Amino acid sequence: MVEEFRRAITSKDGAALRALVVSDATPFVASYVGKHGPAHHDSTARDFIGEVTGSTHRLDERFAMVDVMVFDDLAVMAAAYSFHEDDQQTNHGRELWSLVRVGDGWQIAAVTWTVIVP
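Residues numbered from 1 in each chain as written. Predicted model: local features only at pLDDT ≥ 70, side-chain atom pairs only at ≥ 80, totals over all residues. Heavy atoms only, no water.

Trainee: Describe the pairing of strand β1 (residues 27–33), listing the residues and the values that go with them.
Mentor: Sheet analysis places β1 next to strand β2 (residues 39–44), joined by six bridges and oriented antiparallel. Looking at the pairing, P27 lines up with T44 of β2. Two elements, β1 and strand β6 (residues 105–116), share six bridges in a ladder whose sense is parallel. Paired with V33 across the two strands is I116, which belongs to β6. (Pairing = 2+ DSSP bridges. Helix = DSSP H or I, 4+ residues; strand = E, 2+ residues; numbered from the N terminus.)

Trainee: Describe in detail the layout of surface pockets, supporting the description with residues and values.
Mentor: Each pocket or cavity is described by its volume, and for the largest pocket that value is around 400 Å³. What lines the largest pocket is a set of 21 residues, and nearest its centre among them are F48, E51, F83, N91 and W113. Mapped onto the lining of the largest pocket, the elements with two or more residues apiece are β1, β2, α3 (45–54), β3 (59–71), β4 (74–85), β5 (88–102) and β6. Tallied by class, the residues present in the lining of the largest pocket amount to 12 nonpolar, five polar and four charged. (1 Å grid on protein atoms, 1.4 Å probe; cavity = no way out; pocket = protein on both sides within 12 Å on 5 of 7 lines; lining within 4 Å. Points joined across faces, edges and corners; volume = space filled by probe spheres on them. Nonpolar A, V, L, I, M, F, W, Y, C, P; charged D, E, K, R; others polar.)

Trainee: Could you give me a rundown of α3, with the residues and numbers involved?
Mentor: Along α3, the positions that sit buried rather than exposed are A45, F48, I49 and V52. The buried residues of α3 occupy an angular sector of 95° when the element is viewed end-on, so they sit on one face. Summarising the geometry of α3, the exposed residues directed more than 90 degrees from the buried face are E51 and G54. Of the surrounding secondary structure, the elements contacted by the buried residues of α3 are α1 (2–10), α2 (14–20), β1, β2 and β3. (Buried < 20%, exposed > 50% of the residue type's maximum accessible area, 1.4 Å probe, protein only. Arc of directions from axis to C-beta. Contact = heavy atoms within 4.5 Å.)

Trainee: Residue-level account of the nonpolar core, with values.
Mentor: Within soluble globular proteins, side chains that are nonpolar tend to cluster in buried spots. In this structure, F5, I9, F28, F63, W97 and I108 are the most contacted members of the largest nonpolar core, which totals 26 residues. For this core, the elements supplying multiple residues, two or more each, are α1, α2, β1, α3, β3, β4, β5 and β6. Looking at this core, the element that brings in the most residues is β4, giving five residues. Other than its neighbours up to four places away in sequence, I9 contacts L17, F48, V52, L59, D60, E61 and F83. (Core = buried A, V, L, I, M, F, W, Y, C linked by side-chain atoms within 4.5 Å.)

Geometric descriptors of this kind do not, in isolation, establish any biological role.
Below is the structure:
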């Protein structure tokens, strides 16, 4: 699922991103640290998808140290990430997804991440 999310970002595929989340209202919350923080930015999957599909830059989100813990029909994904525009890293941090089982697959119920700007 992490790779599907990354591919949807790089291809700016709004439909693919929507298929990965519970709804357009799924919370996407960023916590800024360092020179831009502490601060929060509360948004939704709809907002994130709009930013991705409306961007004029080449986008990529790279994940490392991915760890998934499954608890029956709930799961948590934790990873380090770096976000890139036009092959330049714009920020990095840690990302957490809350996941729910839907049929034989999973959907994202919430995304929370830190934003560290180099």
